[in-house]
Amino acid sequence: MKPFQYTKAVTQQSAIEAIAKPGVKIIAGGTNLVDLMKRGVTAPDKLVDINNLPLKSISLDKAGQLHIGALALNSTVSESPLVLEQQPLLAMALKAGASPQLRNMATVGGNMMQRTRCAYFYDTTMPCNKRQPGSGCGALEGYNRMHAIFGTSNKCIAVHPSDMCVALAALGAEVTVSSRKGSRVIPFTDFHRLPGDHPEKDNTLADGELITGVVISNNKFAKNSYYLKIRDRQSYAFALVSVAAALEINNGTIKEARLAMGGVAHKPWRLYDAEKALAGKPANEESFNQAAQIAMQGAKGYQFNSFKLKLAPAAITEALKHAAGIA
Ligand SMILES: Cc1cc2nc3c(=O)[nH]c(=O)nc-3n(C[C@H](O)[C@H](O)[C@H](O)COP(=O)(O)OP(=O)(O)OC[C@H]3O[C@@H](n4cnc5c(N)ncnc54)[C@H](O)[C@@H]3O)c2cc1C
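The following refers to the structure shown. (Residues numbered from 1 in each chain as written. Predicted model: local features only at pLDDT ≥ 70, side-chain atom pairs only at ≥ 80, totals over all residues. Heavy atoms only, no water.)

Before going further, it helps to spend a moment on the sheet that holds strand β2 (residues 24-27). With parallel pairing, the three strands of this open sheet are ordered in space as β1-β3-β2. Edge positions in the sheet fall to β1 (5-8) and β2, since each of these pairs with one other strand and no more. Here the strands of the sheet are splayed against their neighbours by 25 degrees on average, with no regard to which way each runs. Note that β1 and strand β3 (residues 46-49) share four bridges and pair parallel. Counterpart to Y6 in the pairing with β3 is L47. (Pairing = 2+ DSSP bridges. Helix = DSSP H or I, 4+ residues; strand = E, 2+ residues; numbered from the N terminus. Axes fitted to C-alpha atoms, helices over the stretch in contact; angles between N-to-C directions.)

In structure tokens:
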């Protein structure tokens, strides 16, 4: 590992000043960054530890918006009575991720910024446009079982690995960020990006920006939501396919639906057309099957991941049945 400097930021302003310089990276829980440094995938000159910043709170404002600080731990958020009552989908998604030990270290901001688990990205002897732009993509013709079926490019077919982010995309959360230029809000669905010609960029966070938290608007999904994660092992494994489903149901009819998938794209994949198709329909298996078929339009499999073309629609139907309480 390349030698690096380490410092602790004591104020948000000092963290922002520190990360404005090139070669400086934030460290929060360290559960992803340290692995990447050990493997030589990234080699910052300096780490700024932000764990002393006051960004750990979870609170509800008068408008019913849930505010979660960027340093709130994945375990704390998943067990928070406020989150369980207001946004249980988020708690379910977090509990499906990693292991209890990892969730005790991992933060909300770090979870959003975690990098793909594509084996070619981690293996510095292999080509990877995400790690080294212009070097090629080992996964395109390689072992691509875990890879994307939506929104791919000929430069990258990696997927975003987070569970939490799939729930936040479905819930239409917003990300608050700060830098020397001030503060701004990024809609969650615009935070992560598709690979296109620049797979090295995972998201739309600008250089020098610090994530300060996420905000989830008041909604009526708490009663009817579900996170379904399908993976090779029941715990401690990344999703082959996951689905965050949230419904507002009135007398058996769907008023509003929110759906997002994980394990299928370079970003949490919102299923807008399927959501539209569900509105006004009865909350039954037939509607859910139709929505699942609509959701799969434009999906494309590769040599080893074509099973996802069948697994994904089945998972959507199953998640919706659980959300509606008819599973
Ligand atoms: C074995 C294993 C299994 C896992 N399984 C899963 C799983 O099933 N599902 C899942 O979702 N995740 C899983 N994870 C990933 C885990 O959730 C992430 O490693 C974790 O969420 C990262 O958070 P962190 O605070 O440790 O980030 P760090 O490792 O500290 O940082 C990660 C990145 O985020 C940046 N960063 C951190 N905070 C901020 C901020 N506030 N503003 C701007 N940038 C910031 C850092 O600079 C770095 O680039 C697994 C990890 C491991 C090691």
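Past the structure itself, the notes keep going.
Attention now goes to empty space enclosed by the protein. In this structure the tally under the stated criterion is two cavities of 30 Å³ or more. For the largest cavity, the calculated volume is near 70 Å³. Forming the walls of the largest cavity are 14 residues, and the residues nearest its centre are C118, C128, K130, C137 and C156. One number sums up the size of the second largest cavity: a volume of about 50 Å³. Taken together, Q114, R115, T116, K130, A158, V159, H160, D202 and H266 form the lining of the second largest cavity. Taken together, the residues that form the lining of the second largest cavity break down as two nonpolar, four polar and three charged. (1 Å grid on protein atoms, 1.4 Å probe; cavity = no way out; pocket = protein on both sides within 12 Å on 5 of 7 lines; lining within 4 Å. Points joined across faces, edges and corners; volume = space filled by probe spheres on them. Nonpolar A, V, L, I, M, F, W, Y, C, P; charged D, E, K, R; others polar.)

Turning our attention to the environment of W269. Secondary-structure assignment places W269 in strand β12 (residues 269-270). Expressed as a C-alpha distance, the spacing of W269 and V166, which sit 103 residues apart in the sequence, is 7.4 Å. Among all residues touching W269, those that are not within four sequence positions of it are F150, G151, L194, L259, A260, M261 and V264. (Contact = heavy atoms within 4.5 Å.)

In this structure, the second largest pocket occupies an estimated 420 Å³ of space. Considering the residues around the second largest pocket, the lining is formed by 23 residues, among which R117, C118, A119, M146 and F238 are closest to the centre. Elements with a minimum of two residues in the lining of the second largest pocket: α2 (33-38) and α8 (119-122). Per-element tally for the lining of the second largest pocket: the top contributor is α8, with three residues. Across the lining of the second largest pocket, the residue classes break down as eleven nonpolar, seven polar and five charged. Split by domain, the residues of the lining of the second largest pocket number at least three in each of domain 1 (5-49) and domain 2 (225-324). (Domains from an automatic or database assignment.)

Glancing now at unusual backbone geometry. Phi is positive for A98, close to 55 degrees, though the residue is something other than glycine. Summarising the element assignment, A98 is placed in the loop between α5 (88-95) and α6 (100-105). For A98, a relative accessible area of 34% corresponds to the partly exposed category. Phi is positive for N251, which is not a glycine, with a value near 45 degrees. Here N251 is to be found in the loop between β10 (241-250) and β11 (253-262). (Buried < 20%, exposed > 50% of the residue type's maximum accessible area, 1.4 Å probe, protein only.)

Let us now look at the environment of E209. Its location among the elements puts E209 in the loop between α10 (188-191) and β8 (210-216). Distance from E209 to S99, taken between C-alpha atoms, is 29 Å for residues 110 residues apart in sequence. Here the side chain of E209 touches A206 through a polar contact of 2.7 Å, landing on its backbone nitrogen. (Polar contact = N/O pair within 3.5 Å; in protein donor to acceptor, adjacent residues only side chain to side chain.)

What follows covers the packing of aromatic side chains. Considering all chains together, one arrives at four aromatic pairs under this definition. Considering the side-chain rings of F150 and W269, the 5.1 Å spacing of their centres and the 15 degrees angle between planes classify their relative orientation as stacked. You can see F150 sitting in the loop between α8 and α9 (164-170) and its partner W269 sitting in strand β12, a full 119 residues away along the chain. (Phe/Tyr/Trp six-rings, centres within 6.5 Å; stacked < 30°, edge-to-face > 60°.)

The next subject is the state of the cysteines. Under the definition given, this model contains zero disulfides. Here C128 stays free of any disulfide, with the sulfur of C118 as its closest cysteine sulfur at 5.9 Å. With no disulfide of its own, C165 lies 16 Å from the sulfur of C156, the closest cysteine sulfur. (Disulfide = S-S within 2.5 Å.)

The next subject is the site of the ligand. Taken together, 32 residues lie around the ligand, and I26, G30, T31, T107 and D163 are the ones closest in. In the environment of the ligand, an oxygen atom lies 2.7 Å from a nitrogen or oxygen atom belonging to the side chain of T31. Within the contact set of the ligand, an oxygen atom lies 2.7 Å away from a side-chain nitrogen or oxygen of T107. Isolated, the ligand exposes 980 Å² of accessible area, and the fraction of that covered by the protein chains is 93%. The set of elements that each furnish at least two residues to the shell around the ligand consists of β2, α2, α7 (108-113) and β8. Looking at the shell around the ligand element by element, the count peaks at four residues for α7. Of the residues that constitute the shell around the ligand, the class distribution is 16 nonpolar, twelve polar and four charged. In terms of domain composition, the shell around the ligand takes at least three residues from each of domain 1 (5-49) and domain 2 (225-324). (Near = heavy atom within 4 Å. Areas by Shrake-Rupley, 256 points an atom, 1.4 Å probe, with all protein chains shown as cover.)

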